[in-house]
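# Structure assessment
Here are the chains, one letter per residue:
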Amino acid sequence: MNRYAIILAAGQGTRMKSKLYKVLHPVCGKPMVEHVVDQLSSLSIDQTVTIVGFGAEKVQSYLEGKSDFALQKEQLGTAHAVMQAEELLQDKKGITLVICGDTPLIKTSTMEALMEEHTKLGAKATVLTDYAEDPTGYGRVIRNEDGHVERIVEQKDASEAEKSSKRNYGYILLSTIPGDLKKVKNDNAQGEYYLPDVMEILKSEGQIVAAYQTSDLEETLGVNDRVALSQAETIMRKRINEAHMRNGVTIIDPASTYIEADVQIGKDTVILPNTYIQGLSVIGEDCLIGPGTEIKACKIGNATTIKQSVAHDSEIGDEVTIGPFAHIRPASSIHNEVKIGNFVEVKKSEMGPKSKASHLSYIGDAKVGSDVNLGCGSITVNYDGKNKHLTTIEDGAFIGCNSNLIAPVTVGKGAYVAAGSTVTEDVPSEALTIARARQVNKEDYVKNLNLK
Ligand code: UD1
Ligand code: CA
């Protein structure tokens, strides 16, 4: 049987009080709606249609290639939203899963189970329900004495007795996109066409309607405001951390470890507290990351240590040590066995294998070879107020403490730069350059000042 999915993502999300469209708010670094789409991608779905309205272009640009789109010009309710997919799906036979784009915690396994239950029962519509001690804000699932679903009533339309139902609805599955949706009316508190109303209509026509209850009580959390957003973030973070721990990563304090959804980490890597690992970062095996470290979109090799440091959009090799208090800025490439010590900033630079900058340096727009030693306080002077220039330091060079290398400039292979030099011209290989004034000692100078 063919399977289709419709994701509802046209609402503005007034309750978020945000300039950003609701479904684009990130949960663990990834827009809510993208979580939904990614969970769907592991099911065999023949076609996915996302209903867009508010911020349509932005939502589409995030999901391009992962979904087709239908525009809902006016947001007249969830049933009306589903009907917008009619044109794309009307000739197709199969079952259609309808998911809200603001429910980022739904899991593939649950959607699969929901579809199986629906097919097994030969139902025309099946809802996924969840048991919540406090279902405030959700539609309530109303059942008859036999426990069968009668209808779903929105909180704003529910009587006091109905509100006490502890079951709420999360998703709905339909056997086709039925003409039945056209029978839904908008005579309710919000003047909207509610999708869940289709249940009662189908039931009154003698069709089978069913409910499938999840065992994971958190999955149907709908993010309508920022309080729910933080709840979703907490649950998702816990899930992500647990998945890494199950894969062999040690996380000393999961409560203070913030790993975004698409990060990959190798076995036996240890993550220390107060650490953020973001974007499409990939970390190898046997690394030690943290405490107090922020890594964004970096590719890191094996057995590397990064403590109390920030690294963004860079590549870092094997057996590298970084920190404490270092800053690796974008477009840097740190090769194997490099040492970047305390208070060192590296920007758009390459550090060749086994090179060291152990203390208090700025390395910007530089190409540093292998086995180079950058002494304490050595600096590439890359900016003339208008343009940035390149510094090249060839293999085995030794840069003395507190040297300024005024770019563009090259220090040749194995050359020495004397401490305190300000180098403005290229240094030949194997040469020693001393680019500072010679020391002058004025004997008895102080005594002769006659200060008394
Ligand atoms: C909806 C359900 C409620 C359920 C809850 C689960 C309805 C009427 N109510 O309520 O029973 O418990 O979800 O999270 O379905 N949307 C559109 N077009 C519209 C209206 C909404 O695309 O015209 C989209 C929104 O962008 C959102 C989703 O549909 O992603 C749900 O809309 P929302 O307003 O959040 O519905 P709830 O009040 O949460
Ligand atoms: Ca919602």
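What you see is a predicted model; the values in this text were computed from it and never measured.

### Remarks on the overall build of the protein chain
Secondary structure assignment for the protein chain yields eight helices and 41 strands. Here the C-alpha atoms of the protein chain give a radius of gyration of 31 Å, more than 25% beyond the 22 Å that 2.2 N^0.38 yields for 452 residues. For the C-alpha atoms alone, the extent of the protein chain along its principal axes is close to 110 × 45 × 45 Å. Each of the 452 residues in the protein chain was classed as buried or not, and the buried ones make up 48%. In the protein chain, 39% of the contacts between residues at least 6 apart in sequence involve partners at least 24 apart.

### Re unusual backbone geometry
Note that the residue after G290, namely P291, is joined by a cis bond; omega there is 5°. Within the secondary structure layout, P291 lies in the loop between β18 (288–289) and β19 (294–296). Backbone torsion omega between G323 and P324 reads 0°, so that peptide bond is classified as cis. Residue position: P324 is located in the loop between β24 (321–322) and β25 (327–328). With a phi angle near 50°, E319 is a residue other than glycine that sits in the positive phi range.

### Focus on the site of ligand 1
Taken together, 23 residues surround ligand 1, and among them G11, Q72, T78, G139 and E154 come closest. Residue A10 places a main-chain N or O atom 2.9 Å away from an oxygen atom belonging to ligand 1. One nitrogen or oxygen atom from the side chain of K22 is found 3.0 Å from an oxygen atom belonging to ligand 1. Protein burial of ligand 1: of its 760 Å² of free accessible surface, 92% is covered by the chains. Considering only residue class, the shell around ligand 1 consists of ten nonpolar, nine polar and four charged.

### Section: the coordination of the calcium ion (ligand 2)
Here the calcium ion (ligand 2) is held by D102 (OD) and N224 (OD1), and the distances to it run 2.2 to 2.4 Å. Here N224 lies in the loop between β11 (209–213) and α8 (226–246) and D102 lies in the loop between β6 (95–100) and α5 (108–121), a separation of 122 residues in the sequence. What makes D102 buried here is its relative accessible area of 10%. On the basis of relative accessibility, which here comes to 18%, the residue N224 falls in the buried class.

### Remarks on the pattern of salt bridges
In this structure the tally under the stated criterion is 22 salt bridges. Among the salt bridges present, the one from E34 reaches K66, with a minimum N-O distance of 3.0 Å. Here K66 lies in the loop between α2 (56–63) and β5 (68–71) and E34 lies in helix α1 (residues 32–41), a separation of 32 residues in the sequence. Measuring nitrogen to oxygen at the nearest pair gives 3.0 Å for the salt bridge that ties K347 to D365. Taken together, the positions of K347 in strand β28 (residues 345–347) and D365 in the loop between β31 (362–364) and β32 (366–368) put the pair 18 residues apart, joining distant regions of the chain. We note that K347, like D365, is buried. Via salt bridges that share partners, K30, E34, D38, K66 and D262 belong to a single interconnected network.

### Observations concerning the environment of G279
Note that G279 resides in the loop between β16 (275–278) and β17 (282–283). G279 sits in the partly exposed class, given a relative accessible area of 26%. Distance from G279 to I334, taken between C-alpha atoms, is 19 Å for residues 55 residues apart in sequence. Filtering out sequence-adjacent residues up to four positions away, G279 remains in contact with E260, D262, V263 and A297.

### Here's the deal with the side chain of N382
Checked against the element boundaries, N382 lands in the loop between β34 (379–381) and β35 (391–393). Judged by relative accessible area, N382 falls into the buried class, the value being 7%. Among the polar contacts listed, one links the side chain of N382 to the side chain of Y362, at a separation of 3.3 Å. The contacts of N382, once residues within four sequence positions are left out, are K347, Y362, G364, D365, N387, K388, H389 and A407.

### Structural notes on α5
Over its 14 residues, α5 extends 20 Å from the first C-alpha to the last, a length consistent with the 20 Å expected when each residue adds 1.5 Å. Buried-residue contacts for α5 involve β1 (3–9), α1, β6, β7 (125–131), β10 (167–174) and β11. G122 lies just past α5 and shows a positive phi near 60°.

What counts, and where the lines are drawn
Residues numbered from 1 in each chain as written. Chains lettered and ligands numbered in written order. Predicted model: local features only at pLDDT ≥ 70, side-chain atom pairs only at ≥ 80, totals over all residues. Heavy atoms only, no water. Helix = DSSP H or I, 4+ residues; strand = E, 2+ residues; numbered from the N terminus. Rg over C-alpha atoms; globule rule 2.2 N^0.38 Å. Buried < 20%, exposed > 50% of the residue type's maximum accessible area, 1.4 Å probe, protein only. Contact = heavy atoms within 4.5 Å. Near = heavy atom within 4 Å. Polar contact = N/O pair within 3.5 Å; in protein donor to acceptor, adjacent residues only side chain to side chain. Areas by Shrake-Rupley, 256 points an atom, 1.4 Å probe, with all protein chains shown as cover. Nonpolar A, V, L, I, M, F, W, Y, C, P; charged D, E, K, R; others polar. Donors = N, O, S within 2.8 Å, 3.2 Å for Na, K, Ca; no water. Salt bridge = Lys/Arg side-chain N within 4 Å of Asp/Glu carboxyl O. Expected span 1.5 Å × (residues − 1).

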